[in-house]
Amino acid sequence: MISRNSQPKTVPQSAISDARLFLIVVGACLLAVVGFSGLLRLRKSGPSQLPDRPRVFGDFLLTDSQGRSVARGELNGKYCVVSFVFTSCGATCRLVSGQMAALQRLVKDQPDVRLVSLTVDPVTDTPEVLAKFSHDLGVVPEVWTFLTGPKSEITPLIESSFLPKDPSAGATNTPVEFLYIERIALVDPRGNV
């Protein structure tokens with residue numbers, strides 16, 4: 001029996017925000033999976049390689065497309081959706097960046113989510129080049145950050161945190177040293193990939 005004097009139960013606003021954030025991140029990941037099913041048909045490489053060990057988004061001090069220094073600590077406590085790009089890339093990078101642009105629209109009002117694109121060609125992808133590339137995509141810098149830096153710093157970061165090195169790197173005319181650059185990684189607020 002329901003009493004007429006009883007107050008309706010309310011759900012705390014923080015629980016609603018957490019549930020909404022979770023649904024947005026899951027939806028973003030599903031969007032990425034659907035988008036990449038077409039990319040998989042484009043690849044000539046062998047079967048996908050699972051990470052050989054648990055990975056953590058390592059420390060760094062890199063430069064964004066606006067010429068600003070960005071440290072790993074700025075992303076602590078946030079969900080990070082990480083992609084890999086090189087601006088001279090043809091179809092694959094454009095498709096990945098298109099998926100990231102779609103994700104940006106989904107998470108633009110979520111301060112706990114950041115999109116990060118790391119260049120795999122830091123020699124070519126200077127902050128100025130990344131600024132033009134990101135501008136053409138409609139990037140909102142507070143939501144989506146493009147990062148570059150010295151090859152001696154960015155290559156070990158990508159290899160230790162995300163992607164295996166390509167054993168045939170250097171045998172082609174492409175500047176890419178990694179396998180599976182079409183992948184998008186999700187990093188939790190503690191830095192686990």
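Residues numbered from 1 in each chain as written. Predicted model: local features only at pLDDT ≥ 70, side-chain atom pairs only at ≥ 80, totals over all residues. Heavy atoms only, no water.

Chemist: Looking at this structure, how should I read the overall build of the protein chain?
Modeler: On a plain count of helices and strands, the protein chain comes out with 4 helices and 6 strands. Counting from the amino terminus, the protein chain carries its helices and strands in the arrangement α-β-β-β-α-β-α-β-α-β. When each of the 193 residues of the protein chain is scored for burial, the buried share is 41%. Of the contacts formed within the protein chain by residues at least 6 apart in sequence, a portion of 74% connects residues at least 24 apart. Accessible surface for the protein chain amounts to roughly 11,100 Å². Of this, 58% is attributable to carbon and sulfur atoms. (Helix = DSSP H or I, 4+ residues; strand = E, 2+ residues; numbered from the N terminus. Buried < 20%, exposed > 50% of the residue type's maximum accessible area, 1.4 Å probe, protein only. Contact = heavy atoms within 4.5 Å. Areas by Shrake-Rupley, 256 points an atom, 1.4 Å probe, with all protein chains shown as cover.)

Chemist: Can you walk me through the pairing of strand β5 (residues 144–148) in this structure?
Modeler: The side chains of a regular strand alternate between both faces of the sheet. Counting buried positions along β5 yields 5 of 5 residues, so the element is predominantly enclosed. Pairing geometry for strand β1 (residues 61–64) and β5, over 2 bridges, is antiparallel. When the bridges of β5 are listed, Asp64 appears paired with Leu147. With helix α3 (residues 127–137) bridging strand β4 (residues 113–119) and its parallel neighbour β5, the resulting β-α-β unit is right-handed. (Pairing = 2+ DSSP bridges. Right-handed = clockwise from strand over helix to strand, strands pointing away.)

Chemist: For this particular structure, what's the right way to read the packing of aromatic side chains?
Modeler: The description of an aromatic ring pair uses the distance of the two centres, along with the angle that the planes make with each other. One pass over the full model with this rule turns up 5 aromatic pairs. Between Arg183 and the ring centre of Tyr180, over which it is positioned, the NZ or CZ distance is 4.2 Å. (Phe/Tyr/Trp six-rings, centres within 6.5 Å; stacked < 30°, edge-to-face > 60°. Lys NZ or Arg CZ within 6 Å of the ring centre and 35° of its normal.)

What is shown is where atoms sit, not what they do.
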